[in-house]
Amino acid sequence: VSAAYNPALLYPYGGRKGEPQWNRAKVEMWMDWVVASFHEHNHYLIDGIARTLPEKRQINKIQTAHLGYVALLSRVGNWLLEKEYRYVCGERLSAADVALGCEINRWNLCWHAAKRDGIDLPVPEEFRRSMETLANYYDILGQNKGFLECVYRNECEHQRIDPDIWRRLPHS
């Protein structure tokens, strides 16, 4: 969609004056990674919380999926730490941030819904530094009106959470 409707904004083509050819490849790499990595964890965590009655939840599968999410998301946090980027592909928002932001948001709001429902999903110590960096990145995404309206509010509704309260990413 961003390539068709506003490629200069979110989907770099490369080759423009001052823009390296590999910028588009970086964006596509992250988008592909999101699509290929989260499905199994998404199914057991998000569906297990948002679409399953509390008495029918399989807590062990929810906890395992949560740890899978944390392990994957910590890679993003480590990347941001290593590169010192504001966004995953540099200093400006890209389609890669949209794809990642959706997954981070799903996990975050599911974590908050689980907490509301009395399910403890701790972040293991070895992931806390990268997850703190990811929390800062998520806060940056949350400053974007489009993210708040199209991503955050919709998932809040899905998780039956008040969308008018910003929920920070758990990291400790």
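Residues numbered from 1 in each chain as written. Predicted model: local features only at pLDDT ≥ 70, side-chain atom pairs only at ≥ 80, totals over all residues. Heavy atoms only, no water.

**Observations concerning the nonpolar core**
If you look at the biggest cluster of nonpolar residues, it comprises 47 residues, and the most contacted ones within it are Leu 45, Val 88, Leu 100, Trp 107 and Tyr 137. Looking at this core, the elements that each hand over two or more residues are α3 (22–37), α4 (39–50), α5 (59–83), α6 (95–116), α7 (128–141) and α8 (145–158). When residues in this core are grouped by element, the largest group, 10 residues, is from α6. In this structure Leu 100 touches Trp 30, Trp 33, Val 34, Val 76, Val 88 and Tyr 137, once residues within four positions along its chain are discounted. (Core = buried A, V, L, I, M, F, W, Y, C linked by side-chain atoms within 4.5 Å. Buried < 20%, exposed > 50% of the residue type's maximum accessible area, 1.4 Å probe, protein only. Helix = DSSP H or I, 4+ residues; strand = E, 2+ residues; numbered from the N terminus. Contact = heavy atoms within 4.5 Å.)

**Focus: α5**
Within an α-helix, residues lying three or four positions from one another point in the same direction, as the helix has 3.6 residues per turn. Compared with an ideal rise of 1.5 Å per residue, which puts 25 residues at 36 Å, α5 spans 36 Å between its outermost C-alpha atoms and is within 8% of the ideal. By the burial criterion, the buried members of α5 are Ile 62, Ala 65, His 66, Gly 68, Tyr 69, Val 70, Leu 72, Leu 73, Ser 74, Val 76, Gly 77 and Leu 80. Buried residues along α5 sit against α3, α4, α6 and α7. Phi turns positive one or two residues past the end of α5, at Glu 84, with a value near 60°. (Expected span 1.5 Å × (residues − 1).)

**Considering the packing of α6 against α7**
Interaxial distance between α6 and α7 falls to 11 Å at its minimum, and their mutual angle equals 110°. Classified by the interaxial angle, the pair formed by α6 and α7 is roughly perpendicular. Where α6 crosses over α7, the two elements pack in a sense that is left-handed. Residue-level contacts link Asp 97, Leu 100, Gly 101, Ile 104, Asn 105, Trp 107 and Asn 108 of α6 to Met 131, Leu 134, Tyr 137, Tyr 138 and Leu 141 of α7. A per-class count over the contact of α6 with α7 returns eight nonpolar, three polar and one charged. (Axes fitted to C-alpha atoms, helices over the stretch in contact; angles between N-to-C directions. Parallel < 35°, antiparallel > 145°, perpendicular 65-115°, else oblique. Left-handed = near helix turned anticlockwise from the far one by under 90°. Nonpolar A, V, L, I, M, F, W, Y, C, P; charged D, E, K, R; others polar.)

**Comments concerning unusual backbone geometry**
The backbone of Glu 84 sits at a positive phi, close to 60°, despite the residue not being glycine. Along the polypeptide, Glu 84 turns up in the loop between α5 and α6.

**Things to note about α3**
With 16 residues, α3 should cover 22 Å at 1.5 Å per step; its first-to-last C-alpha distance of 22 Å lies within 8% of that length. When we look at burial in α3, the residues that qualify are Asn 23, Lys 26, Val 27, Trp 30, Trp 33, Val 34 and Ser 37. Viewed along the axis of α3, the buried residues span an arc of 125°, placing them on a single side of the element. For α3, exposure combined with an orientation more than 90 degrees from the buried face picks out Asp 32, Val 35 and Ala 36. Contacts made by the buried residues of α3 are with α4, α5 and α6. (Arc of directions from axis to C-beta.)

**Things to note about the packing of α6 against α8**
Viewed as axis vectors pointing N to C, α6 and α8 meet at an angle of 35°, and their least axial separation amounts to 9 Å. The hand of the α6/α8 crossing is right-handed. Within the contact between the two elements, α6 uses Gly 101, Cys 102, Asn 105, Arg 106 and Leu 109 and α8 uses Phe 147, Val 151, Tyr 152, Glu 155 and Cys 156. Per-class residue counts for the contact of α6 with α8 are six nonpolar, two polar and two charged.

It is worth stressing that arrangement in space is one thing and function is another; only the former is reported here.
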